[in-house]
Amino acid sequence: MKYIYLDNAATTRVADEVLDAMLPYFTEYYGNPSSVYSFAGQSKKAMEEARATIAGILGAKPEEIYFTGGGSESDNWALKATAEAYESKGKHIITSTIEHHAILHTCEYLEQHGFEVTYVNVDENGIIRLDELEQAIRPDTIMISVMAANNEIGSIQPLKAIGEIARKHNVFFHTDAVQAFAHIPLNVDEMNIDMLSASGHKINGPKGIGIMYIRKGIKSRSFIHGGAQERRRRAGTHNVPGIIGMAKAAEIAASNMEERMAYECKLRDHLIERVLNEIPYSRLNGDPVKRLPNNANFCFRFIEGESMLIKLDQKGICGSSGSACTSGSLDPSHVLLAIGLPHEIAHGSLRLTISQETTMEELDYTVDELKKIIEQLRSMSPLYEDFIKKQK
């Protein structure tokens, strides 16, 4: 069966050019870049070129880029190591209610170790309330962590405004940019970002590789101990093929970003328009304008999301009801609850995330099948039957 893959927020296909760039570092240039002989120097040179490439895309310096095992590790590093380094200044951290669990669970960990965390609310479109954010800052606040764009509903946060607030109050600003990096323009200086997390597998790069940007001058304790790698801040033998692959993927994504954004926005808007116009009692989640080019998130009343996903899969369509990191959970999305949706509506969510490889024909097929599936599921719902009777 040929699958229609509409879950690019969960992961992406490794691009052919990316795989080609990686392969020599598995078999030909396989030296450990920490070794001193010239053969290993080839790996080190390629790794440092990759670091410079990623730094250039973010407007950062190469020495401010650290390689990690992925976005979740980078998020953990940003919060835990910085909290530890600056706890003499204060033990208060601010984040939002719609962060990825890599942030929320790390905040819970810090709360268990004597830190206080304020969770700032978002509006009905998933945009952080800036007035509430600034009011939450205290003399002992050391960090604000707000994601660049939400992984479920696609809402893009006002990073520059958040960065200005943080700078005004002498507070560090970290952003989880896993869903945004190389999808939309990001510049750490223009946006006053002090730390940033990103991952390779969201941009047609390999899994198991991520980056952490740490502005020069920020004290951040070593996160993994055991070696001198990454300027003694992150021990462990470098994943050279992964590093090369992430840099290549980022380079490709940055080089055609404007064209790709326009294409994805065109497809996304077509998908949204058809769903909202042709499927009754549906709603779009997230900001209608300030959203990732490839993200469409819906709720369908009187529908249980898991059943919808299973039936879509039977038609060869891959989608999700939210973050891949919470798949299997029976609880509704914390993001949808945070934007004010009741449990019964939040349970009927569907996230479809496209790529530059998605076609209009695939989306039309998806909507056609989705209409049939929702009609079938609603026909078996006593709640829907009662609702229709009341309408009459």
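Relevant structure appears above.
Everything in this summary refers to the structure shown in the same document. (Residues numbered from 1 in each chain as written. Predicted model: local features only at pLDDT ≥ 70, side-chain atom pairs only at ≥ 80, totals over all residues. Heavy atoms only, no water.)

## Brief notes about the overall build of the protein
Short version of the rule: In this description a helix means any DSSP run of H or I spanning at least four residues, a strand means any run of E spanning at least two, and both kinds are numbered starting from the N terminus. What the globule rule says is 2.2 Å times the number of residues to the power 0.38, and the radius of gyration is computed from C-alpha atoms. Partly exposed describes any residue whose relative accessible area lies between the buried limit of under 20% and the exposed limit of over 50%, with all areas from a 1.4 Å probe on protein chains only and scaled to the type maximum. Throughout, a contact is declared for two residues whenever any of their heavy atoms are within 4.5 Å. Only the protein chains shown count as cover for residues, with accessible areas throughout obtained via the Shrake-Rupley method and a probe of 1.4 Å. Residues scored as charged are limited to Lys and Arg (positive) and Asp and Glu (negative), so that His and the chain ends carry no count. To locate a charge, take atom NZ for lysine, CZ for arginine, CG for aspartate or CD for glutamate.
Counting its secondary structure elements, the protein contains 15 helices and 12 strands. Compactness check: the protein gives a C-alpha radius of gyration of 22 Å against a globular reference of 21 Å for 392 residues, within 12% of the reference. For the protein, the C-alpha atoms occupy an extent of roughly 75 × 55 × 35 Å along the three principal directions. Within the protein, buried positions represent 56% of all 392 residues. In the protein, the proportion of contacts linking residues at least 24 apart, taken out of those at least 6 apart, comes to 73%. Accessible surface for the protein amounts to roughly 17000 Å². Of this, 52% is attributable to carbon and sulfur atoms. Computing the positive centroid from 42 side-chain charges and the negative centroid from 52, the protein places the two 2 Å apart.

## Overview of the sheet that holds strand E12 (residues 349-353)
To keep things clear, this is the line we draw: At least two DSSP bridges between two strands are required for those strands to pair. Interaxial angle, 0 to 180 degrees, is taken between N-to-C directions of lines fitted to C-alpha atoms, where a helix line uses only the stretch in contact.
Read from one edge of the open sheet, three strands run E9-E10-E12, paired in antiparallel fashion. Two strands bound the open sheet, and with one partner strand each, they are strand E9 (282-284) and E12. Taken over all neighbouring pairs, the strand axes of this sheet differ in orientation by 25° on average, direction set aside. Summarising the sheet, E9 and strand E10 (residues 295-300) pair through three bridges and their orientation is antiparallel. By the bridge assignment for E10, Leu284 is matched with Phe298. In the packing of helix H11 (residues 305-314) onto the sheet, contacts are made with E10 and E12, and the angle to E12 comes to roughly 40°.

## A few points about the nonpolar core
Selection criterion: The term nonpolar core refers to a set of buried residues drawn from Ala, Val, Leu, Ile, Met, Phe, Trp, Tyr and Cys, joined through side-chain atoms within 4.5 Å.
By size, the foremost hydrophobic cluster in this structure holds 66 residues, and its most contacted members are Ile54, Leu58, Ile144, Phe181, Leu196 and Ile211. Among the elements that line this core, the one with the most residues is helix H9 (residues 240-255), at eight residues. The contact partners of Ile54, leaving out residues within four places of it in the chain, are Ile65, Phe67, Phe181, Ile211, Met246 and Ala247. Ranked by size, the runner-up nonpolar core spans 25 residues in total, among them Leu267, Phe298, Ile303 and Leu309.

## Looking at the packing of H11 against helix H14 (residues 360-379)
Keep this limit in mind: Should an angle fall under 35 degrees it is called roughly parallel, over 145 degrees roughly antiparallel, and 65 to 115 degrees roughly perpendicular, with every other angle called oblique. Each crossing is labelled by how the near helix is turned from the far one, with a counterclockwise turn of less than a right angle marking it left-handed and a clockwise turn marking it right-handed. Side-chain classes follow a simple rule in which Ala, Val, Leu, Ile, Met, Phe, Trp, Tyr, Cys and Pro form the nonpolar group, Asp, Glu, Lys and Arg form the charged group, and the remainder, Gly included, forms the polar group.
Running from N to C, H11 and H14 point in directions that differ by 135°, and their axes come no closer than 10 Å. In terms of orientation, H11 and H14 fall into the oblique class. Crossing handedness for the pair H11 and H14: right-handed. Note on element contacts: H14 touches H11 through Leu370, Ile373, Ile374, Gln376 and Leu377, opposite Ser307, Met308, Lys311 and Leu312. Tallied by class, residues from the contact of H11 with H14 come to six nonpolar, two polar and one charged.

## Regarding the pairing of E10
If a strand is regular, its side chains alternate between the two faces of the sheet. Taking burial as the measure, the six residues of E10 include six buried ones, the bulk of the element. Here E10 shows two buried faces, one formed by Asn295, Asn297 and Cys299 and the other by Ala296, Phe298 and Phe300.

## Quick word on unusual backbone geometry
The backbone of Arg231 sits at a positive phi, close to 55°, despite the residue not being glycine. If you trace the backbone, Arg231 turns up in helix H8 (residues 229-232). Given a relative accessible area of 38%, Arg231 falls into the partly exposed group. Phi is positive for Phe302, close to 70°, though the residue is something other than glycine.

## Quick look at H9
Side chains of residues three or four places apart in an α-helix project in the same direction, reflecting 3.6 residues per turn. Here is the rule: By this rule the span expected of a helix is its residue count minus one, scaled by 1.5 Å. In protein, a polar contact means a hydrogen-donor-capable atom and an acceptor-capable atom, both N or O and within 3.5 Å, with residues adjacent in sequence counting only if both atoms are side-chain atoms; elsewhere, any N or O pair within 3.5 Å suffices.
Spanning 16 residues, H9 covers 22 Å between terminal C-alpha atoms, matching the ideal 22 Å at 1.5 Å per step. Within H9, the full set of buried residues consists of Val240, Pro241, Gly242, Ile243, Ile244, Gly245, Met246, Ala247, Ala249, Ala250 and Ala253. Two or three places before Gly242, at the opening of H9, Asn239 has a side-chain oxygen 3.0 Å from that residue's backbone nitrogen.

## Some details on a nonpolar patch on the surface
Rules: Note on patches: the residues involved have over 30% relative accessible area and no salt bridge, like charges join within 9 Å, and the nonpolar side chains Val, Leu, Ile, Met, Phe, Trp and Tyr join within 5 Å. Salt bridges are identified by distance alone: a Lys or Arg side-chain nitrogen within 4 Å of an Asp or Glu carboxyl oxygen.
Taken together, the side chains of Leu19, Leu23 and Phe26 define a hydrophobic patch exposed on the protein surface, amounting to about 280 Å² of accessible area. Position of Leu19 among the secondary structure elements: in helix H1 (residues 16-22). On the basis of relative accessible area, Leu19 is assigned to the partly exposed category, the value being 41%.

## A short note on the sheet that holds strand E4 (residues 116-120)
Reading across the sheet, the seven strands line up as E2-E8-E7-E6-E5-E3-E4 and stay open at both edges, with mixed pairing between neighbours. Each of the sheet's edge strands pairs with one partner strand only, and the pair in question is strand E2 (65-68) and E4. Direction aside, neighbouring strands of the sheet carry axes that sit 20° apart on average. Note: strand E3 (residues 92-96) against strand E5 (residues 141-145), four bridges, orientation parallel. Among the inter-strand pairings, His92 is bridged to a residue of E5, identified as Thr141.

Take it as geometry only, folks, not as evidence of what the structure does.
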